Amino acid sequence: MSDPDLVDLRQRAKDGDRDAIDQLVELAGERGDLAELRQLAEDGNADAAAQLVELATELGDLNELRRLADQGDRDAADQLVELAAERADVGELRRLADGGNRDAADVLAELTDEQDEAE
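Under an unreviewed UniProt entry, the name given to the protein chain is Secreted protein, and the source organism is Micromonospora vinacea.

(A) Summary view of the nonpolar core. Membership of the largest hydrophobic core comes to 35 residues, with the highest contact counts inside it found for Leu37, Leu65 and Leu93. Listed by contribution, the elements that provide at least two residues to this core are α1 (3-14), α2 (18-31), α3 (34-42), α4 (46-59), α5 (62-70), α6 (74-86), α7 (90-98) and α8 (102-118). For Leu65, the contacting residues outside a window of four places in its chain are Val53, Ala56, Thr57, Ala76, Gln79, Leu80 and Leu83.

(B) Just the environment of Asp103, in detail. Counting through the fold element by element, Asp103 comes out in helix α8. Each C-alpha atom of the pair Asp103 and Asp78 lies 7.9 Å from the other, and the pair is 25 residues apart in sequence. The contact partners of Asp103, leaving out residues within four places of it in the chain, are Arg74, Asp78 and Val81.

The rules we used
Residues numbered from 1 in each chain as written. Predicted model: local features only at pLDDT ≥ 70, side-chain atom pairs only at ≥ 80, totals over all residues. Heavy atoms only, no water. Core = buried A, V, L, I, M, F, W, Y, C linked by side-chain atoms within 4.5 Å. Buried < 20%, exposed > 50% of the residue type's maximum accessible area, 1.4 Å probe, protein only. Helix = DSSP H or I, 4+ residues; strand = E, 2+ residues; numbered from the N terminus. Contact = heavy atoms within 4.5 Å.

Right, here's the structure in full:
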């Protein structure tokens, strides 16, 4: 898609054209454009928010997942717990658990038990 076409698509999306919004979300996902997805998600587009979480997970962008999780995005929090568990990142799990994430608390307890058994 050419730059002028993208500008036109963004304008149509801004004007509320649902098809343009959907196309913009799809293009941003394909291009790996976190900034575009972030803007669309902040404008209230649930598909963009889901795509943003998916892309951030694929990229291993913990900062983006943290930002989304801290804003209350449950899918981002779930992905963050999963990534932290895979990496045995006790600090991240503790941060999430301290913030009230029960899944993180459960994983943290499991990791702590495993570490205690290994010693």
